[in-house]
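In case you want the letters, here they are:
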Amino acid sequence: MKHVVSVSIGSSKRDHRVEFVFKDEKIIVERIGTDGDMQKAIEIISSLDGKVDAFGMGGIDLYLRAGNKKYIIKDAVQIKNAAKITPMVDGSGLKSSLERRLPSFINDNIMPLKGKKVFILTAVDRYGMAEGFHEMGCSLILGDIMIALGFNIPIYTLERLERIARIVAPLACKLPFNMLYPTGKTQNKGENLAGKYDKYFDSSDIIAGDFHYIRRFLPEDAKGKIIVTNTVTKEDVVWLKERNAGILVTSTPNLSGRSFGTNVIEALAVAILKKDPDEIKADDYFAVLDDLDFKPHIVYLKETKVS
């Protein structure tokens, strides 16, 4: 048996557990939320260390990325260091590989992407996806400064994002993480914050990025947009339908009612491969996902059709 646990500083209301059999072996995958309590997350990791096959670090990334530069998030280091024996991953391996291929999947299975406008709420935590949309010929709106820092300053190129990140990211990564990202109970809020960014949503064909940011900023009427995200529950799908979104695409599959975060799927791959995460290449992840038959998930929100 293999047991994979994502310990998340996010809301415990989003906890989930699934069991399945892969190549005659039982696999348990679960997510445990701590409602924003980092010390509790550390305690859970310490208590399970060496008893499970792989950890996912949920609700927080180890670093942000722009171009080839990575910026370590201070608060994430203490969580990672709590795992002394069991390998821990934050999902960045899949974000830079699996999510980079997601725009090509959309192009082949939903609609041609060349010339489409994509609003990526924050690209420093979805840089691979941003690169993928750029490579498919999309026009980008990157909302990193708007969403994370509150200034109405859109970014339109990856090159400009890299230049800004070199100045802002080293300082931002030292701030308490809850100042940068919704944690705990704040993840359950779905609100249109003053509507000040609605024009960027309205002018885009695709809305992409972290779902908790989408819940905070998506307008009341999403006008049939394609939503590209992850970590969505059944309740989130209902919420998107109520907001009049058109199609939901997640990079990871639906497992017993929800899509897990990339940290969970990456931890599952690590457990199956039985390798040091630092030694695993993108092709290794793709091979495992192909074996598991894990593919991006499409939900047609305006119809009953689900593929």
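Our structure is the block above this text.
Draft legend 1. Representation of the overall build of the chain within the structure. On a plain count of helices and strands, the chain comes out with 12 helices and 15 strands. What you see for the chain is a C-alpha radius of gyration of 18 Å, in line with the 19 Å of a compact globule of 307 residues. Based on the C-alpha atoms only, the size of the chain along its principal axes is roughly 50 × 45 × 35 Å. Long-range pairs, those at least 24 residues apart, make up 65% of the contacts in the chain between residues at least 6 apart in sequence. Summed over all atoms, the accessible surface of the chain reaches about 13,300 Å², with 50% contributed by carbon and sulfur. When the 44 basic and 41 acidic side-chain charges of the chain are each reduced to a single mean position, those positions are 4 Å apart.

Draft legend 2. Region of the structure containing the environment of Ser92. Mapping Ser92 onto the fold places it in helix H3 (residues 92–95). Taking relative accessible area as the criterion, Ser92 reaches 16% and is therefore assigned buried. Considering only alpha carbons, one finds Ser92 and Ile27, 65 residues apart in sequence, at a separation of 22 Å. Only 2.8 Å separates the side chain of Ser92 from the side chain of Asp90, close enough to count as a polar contact.

Draft legend 3. Here's a closer look at the side chain of His3. In this fold, His3 is placed in strand S1 (residues 2–8). A relative accessible area of 15% means that His3 is categorised as buried. A distance of 2.6 Å separates polar atoms of two side chains, one belonging to His3 and the other to Glu30.

Draft legend 4. Up close: the sheet that holds strand S2 (residues 16–22). Reading across the sheet, the 5 strands line up as S2-S3-S1-S4-S7 and stay open at both edges, with mixed pairing between neighbours. At either margin of the open sheet sits one strand with a lone partner, and together these are S2 and strand S7 (88–89). As defined by bridge partners, strand S4 (residues 54–58) adjoins S7 across 2 bridges and the pair is classed as parallel. From the neighbouring strand, Gly56 faces S7, where its bridge partner is Val89.

Draft legend 5. Just the nonpolar core, in detail. Of all hydrophobic cores here, the largest spans 81 residues; its most connected members are Ile60, Ile79, Ile120, Phe133, Val228 and Leu240. Not counting chain neighbours up to four residues away, the residues in contact with Ile60 comprise Ile9, Met38, Ile73, Asp75, Ala76, Ile79, Asp90 and Phe177. Judged by nonpolar contacts, the second largest core, of 27 residues, contains Val89, Val270, Tyr285 and Leu292.

Draft legend 6. Spatial organisation of the pattern of salt bridges. This model, assessed by the stated rule, comprises 18 salt bridges. Put simply, Arg14 and Asp236 hold a salt bridge, and the shortest N to O gap is 2.7 Å. Pair noted here: Arg14 is in the loop between S1 and S2 and Asp236 is in helix H10 (residues 234–242), with a separation of 222 residues, a long-range link. This pair shows no difference in class: Arg14 is buried, exactly as Asp236 is. When salt bridges that share partners are traced, they join Arg17, Glu19, Lys26 and Glu30 into one network.

Calculation criteria
- Residues numbered from 1 in each chain as written.
- Predicted model: local features only at pLDDT ≥ 70, side-chain atom pairs only at ≥ 80, totals over all residues.
- Heavy atoms only, no water.
- Helix = DSSP H or I, 4+ residues; strand = E, 2+ residues; numbered from the N terminus.
- Rg over C-alpha atoms; globule rule 2.2 N^0.38 Å.
- Contact = heavy atoms within 4.5 Å.
- Areas by Shrake-Rupley, 256 points an atom, 1.4 Å probe, with all protein chains shown as cover.
- Lys, Arg positive; Asp, Glu negative; His and termini not counted.
- Charge placed at Lys NZ, Arg CZ, Asp CG, Glu CD.
- Buried < 20%, exposed > 50% of the residue type's maximum accessible area, 1.4 Å probe, protein only.
- Polar contact = N/O pair within 3.5 Å; in protein donor to acceptor, adjacent residues only side chain to side chain.
- Pairing = 2+ DSSP bridges.
- Core = buried A, V, L, I, M, F, W, Y, C linked by side-chain atoms within 4.5 Å.
- Salt bridge = Lys/Arg side-chain N within 4 Å of Asp/Glu carboxyl O.

Limitation: the analysis is restricted to geometry and does not speak to function.
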